[in-house]
Structure formats: C-alpha cells, structure tokens
Amino acid sequence: MSRGTHHFPRRRFLDAFRWQVREWWRWCTQQVGLRIPRQVRLLQRLKTKPLMTEFSVKSTIISRYAFTTVACRMLNRGSEDQEVTFQMQIPAAAFITNFTVLLGDKVYQGEITEKEKRSGDKVKEKRNKTVEDNGEKGTETFRASVVLPSKDKAAFLLSYEELLQRRLGKYEHVVSVRPQQLVGRLTVEVTVMERPGIAELEVLGLQNSRQRGSGRGPDDSGPPPSTVINQNETFAKVVFKPTVVQQAKIAQNGILGDFIIRYDVNREQSIGDIQVLDGYFVHYFAPKDLPPLPKNVVFVLDSSASMVGTKLRQTKDALFTILHDLRPQDHFNIVGFSNRIKVWKDHLVSVTPNSIRDGKVYIHHMSPSGGTDINGALQRGIQLLNDYVAHNDIEDRSVSLVVFLTDGKPTVGETHTLKILNNTREAARGRVCIFTVGIGADVDFKLLEKLSLENCGLTRRVHEDHDARAQLIGFYDEIRTPLLSDIRVDYPRGLVERATRTLFPNYFNGSEIVIAGKLVDRTMDRLHVEVTASNSKKFVVLKKDVPVEPRKVGIDVPQSPRPRGRGQEEPNHLERLWSYLTLKELLSGWLQSIEEPEKERLRQEAQALAVNHHFLAPFTSMTLKSAPRTETPEAAYGMSSTPTATGPETMMQSLRGTHLQPGPAVKKPYNPRIKISKTSADGDPHFVVDFPLSNLTVCFNIDGEPGHILRLVSDHADSGVTVNGELIGAPAPPNGHKKQRTYFRTITILVNKPERSYLEITPSRVIVDGGDRLVLPCNQSTIVGRRGLEVSVSANANVTVSIQGTVAFVILLHLYKKPAPYQRNHLGFYIANSQGLSGNCHGLLGQFLKQEARLTGLSKSPAHPPVPEAGERSEAVLEVKGHQVPVVWKQRRIYNGEEQVDCWFARNNAASLIDGEYKDYLAAHPFDSETTFGPGPSRGL
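Residues numbered from 1 in each chain as written. Predicted model: local features only at pLDDT ≥ 70, side-chain atom pairs only at ≥ 80, totals over all residues. Heavy atoms only, no water.

Here we come to the sheet that holds strand S24 (residues 482-490). Spatial ordering of the open sheet is given by S26-S24-S28-S29, a layout of four strands whose pairing is antiparallel. Strand pairing shows two members of the sheet lacking a second neighbour, strand S26 (503-508) and strand S29 (538-547), which therefore form its edges. Put simply, the sheet's adjacent strands are angled 25 degrees from each other on average, direction ignored. In the sheet, S24 pairs with strand S28 (residues 526-535) via four bridges, with the strands oriented antiparallel. By the bridge assignment, serine 485 is partnered in S28 with serine 534. (Pairing = 2+ DSSP bridges. Helix = DSSP H or I, 4+ residues; strand = E, 2+ residues; numbered from the N terminus. Axes fitted to C-alpha atoms, helices over the stretch in contact; angles between N-to-C directions.)

All right, on to helix H6 (residues 310-325) then. Given a rise of 1.5 Å per residue, 16 residues ought to cover 22 Å, and the 23 Å separating the end C-alpha atoms of H6 matches this to within 8%. Residues of H6 that are buried include every one of Lys311, Leu312, Gln314, Thr315, Lys316, Ala318, Leu319, Phe320, Ile322, Leu323 and Asp325, and no others. Buried residues along H6 sit in contact with strand S17 (295-302), strand S18 (331-337), helix H7 (353-364), strand S21 (399-406), strand S22 (433-439) and helix H11 (468-479). (Expected span 1.5 Å × (residues − 1). Buried < 20%, exposed > 50% of the residue type's maximum accessible area, 1.4 Å probe, protein only. Contact = heavy atoms within 4.5 Å.)

A few words now on the pattern of salt bridges. Counted by the stated rule, this structure contains 34 salt bridges. Taking the shortest distance from any N to any O, the salt bridge between glutamate 172 and arginine 262 comes out at 2.6 Å. A residue pair is termed long-range when its members are at least 10 positions apart, and glutamate 172 in strand S9 (residues 170-177) and arginine 262 in strand S14 (residues 257-265) qualify at 90 residues. For glutamate 172, a relative accessible area of 22% translates into the label partly exposed. A relative accessible area of 11% places arginine 262 in the buried class. The partner of arginine 745 in a salt bridge is glutamate 726, with the nearest N and O atoms 2.7 Å apart. Taken as a pair, arginine 745 in strand S37 (residues 740-751) and glutamate 726 in strand S36 (residues 721-731) lie far apart in primary sequence, 19 residues in all. (Salt bridge = Lys/Arg side-chain N within 4 Å of Asp/Glu carboxyl O.)

Here we take up the packing of helix H8 (residues 374-391) against helix H9 (residues 417-428). It is the contact of H8 with H9, at a shortest axis distance of 10 Å, that shows an interaxial angle of 5 degrees. Accordingly, the angle class assigned to the pair H8 and H9 is roughly parallel. Packed against H8, whose contacting residues are Ile374, Asn375, Leu378, Gln379, Ile382 and Asn386, the element H9 presents Ile420, Asn423, Thr424, Ala427 and Ala428 at the interface. Among the residues forming the contact of H8 with H9, the class breakdown is six nonpolar, five polar and no charged. (Parallel < 35°, antiparallel > 145°, perpendicular 65-115°, else oblique. Nonpolar A, V, L, I, M, F, W, Y, C, P; charged D, E, K, R; others polar.)

Here it is in structure tokens:
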C-alpha cells in the first residue's frame, strides 16, 4: 500500500488539521460575538478543585462494639457552583446509622425508611458489586455529593456501627484514612473501653494493601508518625493527628491507608464474659488452653486453565505451608478439579512425614487446563469425608472440613447456582463445614458466600497480588485449631427472650462466640447460663449464675445526631449490639431461605428492626430531608458525636434543586495592575528602599546562597508580623560576572495578632493556615479573609496580603512559559502599606521603614543628579541610621515592569548600609520569628 495513495503526507495532514481548528475557532467566536480573553480561557481549563479543610474520625469501642463518626468539611474556592463529593470506605460488616449534610445555613438529615419489597434484591446485588469492585478486604464505599455554592462551605457527617470480630486472638478496628487530598486538620481518635481489661493493644502502620497478611508475627514496624497512645487497665485512647508535611511524606495524593488498632481483653477460663445492662445482655465465649480436636480436612483446589501463572503458583506455595501445619492426629486428602475431578487418594490418610511429602509432590505436578466443575469437586470432597467417618470406628470426636479454593465460576457439569447449593447442602447434611476461598476478580463470590453460610463455614476473598500466599495462610490460621464442636448455650426459657443464635457447630482457637438477648424481667438479680460442647473424648458442661448488676453511670454511649422520637431514651450499647446481631442473623436467614413464605417473614422482620433501630440495611433506604439549624450545628449534629445511610452498600445521594441556591459571590475581582510601592525585594534579589520625605530611593543587592531564608520584615514583638523569604538558585546568564543567581521561591508571613495565622506563598499556590487551612491556587483569582486578615489572589499576577487594614504586602508572581536555564519561576516582595508596623521593626527591608536619609557631597538635587558623561560616575555619601554609606547613581527598571527606578546604589552587598552582617538576617526556618536586633521571642513558632 503506497503512502501517497491511501494516506495524507504528514505536512498535508497537519495543514488540514490546523485549518479545521482555525475554522472551528472562527465559528465559535462568531457565535459569542466576542473573542474570549486568553486569561479567561486559561481559567476555564484550570478549574479550582474544592478544598477539604477538615477530616476527622472518632470511634468509641465499648465492649467490642464500635460507634464511628466521620466529619468532613469542604470549601468551594471557585467562582462558580461546584459538585463536591464525600467518600468514605467503611467495613462491610458495619451498618450506617446516620448521615447529615450541613450546607450554608441549611441542614439536611438522613431519615431511614422502609424500602419497596421488589427493590430489595436489586440493592443486595448492588452491594455485592460494590464489594467486588472496591478491591479492599471487607470494605464498601459510601459516596454522597452536593452542589456547593461559590465560596461556601459544606460539612458531611457519617456514622456507622459494627461488632468487632475476634480473629487469631485479636479484635481489629480499621479506619480508612483516604481523604483524596492533603488536609489541614486531619484527626483519627479511637477510644476503647473494656470492663474485663485491655490486653496487648497495638497500633499498626498504615496499610494500603488489598488484604492484610497471615497474622503470624508483627505486620508492620509500628504506629504511624504523630500517633499518641494513652492506656490504663480498662481504658485506651489512641490519637493519630498528622501534620500536612507528615501526610505528604506518606502519600501526596491524600490516600494514607488503613489506620488499624488490634487488641484483646482479659478473660476468665470458664463460661465467658457476660454483661447485663437495662434489660439486655451479651455473652462473650472464647475458651482457650483446651486440647485441639482432630480434624478431617479435604483440600479442593481449582486447577482449571484460568489458574495459570501466579494464582496457581501462590496457591501451591500456601498449601505446602498448610500441609506442614497439620497435626499427627489429623487426616487429609487432596482433590484437584477442572473439567475433570482428580483425587490424590481414594480415602483420607493420616498425617505422617511421608504422606505430607507425597501430598506436596501431587500438588506440585498439578497443571492448569480445562473448565471449572465446582459442583462435582464439592460432591467428591464431601463424599470422601462422609465415607471416612462412616467406615472408621473413630472414638475421638473430630471436625470434618472442606477447604475449597477457586478463581472462577462454574462452567462444566452443573452450572445452576441453586442446584449447586442444594446438592452441597444435601451431601454435607450439617456434618461437614465448607470453607471457601475466592481468588482474583472473576470469582463468583456470592456463590462461595452462600456455600459457606449454609454449611457452617467462612468465606474469604484473596486478591491476586504479591501477598496472596500470606492471605491464604492467614485464612487457614483461623480454622487450623478447632477446640470444641457441637456447642449449645442455654438460658432460662421464661427469663430470656429474643436471644440470638445459641447453636454452633465448631469453635476455633482465637475466635469468639457472641450471643445477645433481652431479659423478660429487668429486676432479676441473677442469670443462669449453661454451655455444653464436645471436646476430644469428653463432653463439656459449664454452668454459672451470673449476677445482674444495676446500670452504672459514667459510660456515655455515643449518640446519633438525629432527634429523639416518641419521648424514648436513646438505647444503651448492649441494646445496639443486640439489634446489630439480630439484624445480621435475620439477613443471613433470608439469604439462605428457599421457601417464599419464610423468606418474606424474615424480610419483614429485618426491615422493621432496621427502621426501628436506624440501621441502613438491604431492606431500608435513606432520604435527606431539611431540618432546622441550631445555634451550634457542629456540636448538635455530630462533629464530636455519633451520626447514618441504604445498607452497607454504596449510596450516591445528590442534592440538587432550587432549594440549594449559591451563596454570595465575590463582589470584585482583584485588579492585577495594583499600584505597588518602590520598597521591595525582587529579582536576583535586588532590594529597593523608598524614603518619600527625603525624595530618595536607595537600592542594594544581597548575594545569598540557595536554601537561605532571609528575614525581610521582623516586627513580631510589636505588631506581630514577620516576613521571611527563601532563596532558590539558578545558573547565571552567559558572559555574566556571577556564577549563579538566586531568587525568592517562597515568601512566608507569620501574623500573631489578633490570632496566629501562617501564610506560605509560592509561584503556584498560597497556603493560609489560621485554624481552617486553605490552599489557594495562584492560577485563579479569589479573595479570602477572616478577623482582619485578607488574602487576595489575582490569577498568575500577584498575591496581596492585608493585615488589620494598616499593613499590606504585594507578592508578584514571575512565571515563565519556556524558561531559559538561568530563569526560575520566582516571587517579588513589595511593601504597599507599612503604617501598622512599629518603630522597632527590623529586617533587611523593615529596618528602613520608619527612618529618614540624606545625601552629602552633591550640589544639585539628590533625587535628580546630573547624568554623568561617558566613563564618569555620579557618587555621593548617604547618611541613614547613623551610617555613612558611599553610594552611586543608577537607573534601572523595577521588576513589576511598569515604572523606571532611579536609585542610589549601595555596593558590597550593603555591608555598610544594613545593621550587623548578612548572617544576622538568616532565619532558621520559614516561620522563625527570632530577631538579632532588639526584643524578640525565642526561636520557633
């Protein structure tokens, strides 16, 4: 195919493209009637992103039950209304209980109501999809968005609750810290209150991995920076409060990761910990130091073609480790499956060095091929276990387990989900527990979840990444040591009602059984509890009469900001725990139920419970409704309390409409051609000082080093103002007398009155931190102000800082589109108003502001000396502050580019002009306010 026949030559193509662009632009300008200014076009492209000024999470854990509140403040810095989005990852096991939006002077509060029956299944599908797409272990993403008027603020308040599960001997509380941007005020505060006593509390390093590891040994080097832990026997408080610098070191994009706290509680070796409060009780049962039960386990491993590569290799590596972990009294077998079922042995074998070696060899030689016969593999694995138990006279009591690993969906044999579930349930008959592991993103996780749920097992998702082996081993660690089987917990029938599940097939070391219920008689003083279970060769019976203590004052349960209804008191934490567990069991029963009448009964019961206790569940939904605003909305609506939204699924709630009007816009854009005084430091840098009463202008240079911080204005003790400038280096232009140039890359301003504020100005952004931290881009015009401090940004031109109306600084932005090697984007500093600075003011510029100067040795006007002839120089002596300074007449253009400056130049880096030496004007850090001259505070902030 010739190039000329079927393709434009490159030049013809570019010419045609340019012509099309010109024609399109001509048409656009004809439509609007005006040519759009270049600056406006730039601002159209560079839209200011909404700023998150605060992100705080507060969790209160009482008796393993966690109340968590997330508060987020957003600011729309732009000149137009913008949609802002609040996003938070929450644990998949949690229920949202409240969600509130504060927008301007309006409050929108979540109200949980019943959902239409037909939409229940759709919501569940959406929830599962969210979990799969999210990619994080056991988390779901909550999202809410509002249209925020220009220059206005919004606050989002989200609350959720969860019961912490004990795994591998520890409770784990996870807080997602992913605000998506650096935040001026970021805080995570977790309080733990445990009556039996706190044991082994640890704070892990921030984690961003999709799934945490095996739990064997320490996970991380230690808590993240700025974490403070205060703890006594029954109480602990952990605070994580990183500065912006610390956040940036962890992640510049604001995705810091999971903040994780692990702990356990002290426990007695008997019937467990039973707590009673206001007619509700909870029973925690977690015995230890018992001899492990023998286990009969069949490993069913997917070896279909989709397992090729990393997935199969890491699965094999994990199984090698797991086989070595089997105990001598255990029995095992291995089943590989694709479109064919391949069994290692026709019966279970005992654990010996030889059998472990042979099993590893069999696994090693597995190769991926064919489809995925999930139904056939499960049937074969269960049959092996049933045959072993039936044909062997086993005196010991044992536990039969199937560990099932797959990465896909059923494609061979029986592929209908309901038939696979029915076949598995009929084969297992409650005597075999099935533990499923889904590997990768393509697995049918809902099927695996139901298989485990219906057959007394657990399910886990393992992501295909570098630590998949650790994830598999970690899952096996949870079930490696069964201690009890056939557990039954009994309470007096006439005294207890609505108790949660009391029958459990197995108890594994490091886990916990939790039961909650309601007491019929709140005045009873004792509760009888009886636990029966099988342990190895003996039958265990535990009995105890637990004293029922009256309600103690002193523990305040965090409450939602919703108004109390019907005159009822807010529930205690045990009632919340009971309602949480009951709802979880109703939803689990609904998921397993086959008969439609039973399924409908469970749905209605779960829905009523969720609405009554304000849980966002699959059968409830939440709508935001306008609520009255109080005088202190942040306190009333949950900035420090516990706030809720449609099950633990993703919710997108958009607030749009006429009731959300934009707030007042900025009345005047700042004029970039502001009149600038001569007193300045700009360029290389060149310092200019204006003495208006004497009609004199003096200039001097300072040859600093890159990285030096120069104190420009120092009046901290009196007016409370300090200005410092940090230098950046660049090569000198060719044929120049210098080796390098220096420019100001950062100007920092510390204002200490009436309240402390910090400003950091660079060519690209302005950071204002006076409690609420703002980051203003320099490419968009904006004005912000509070309590006498006003910061005005004129896009790509200048920044003006006004303090109490009596001090004003203008910082020019020098930007280059295509800078030469010796050019750097830099700043110029100009003092526009010094009225509010004191007579004690100092600094390279500040020391001259309240002074006068005069020249000697000239017969004519010192401000306009005669222009010297070629080769001559007009020289004089300047008297200022008691100094006699030789100066020479110079003409130069001021760096704002708008006016000529004629000045008397002090040579030798102004050595005889300024007080002290150059080193006396070096600051230790950008906000250093110490002064060498006159009174000043100690070095620091």
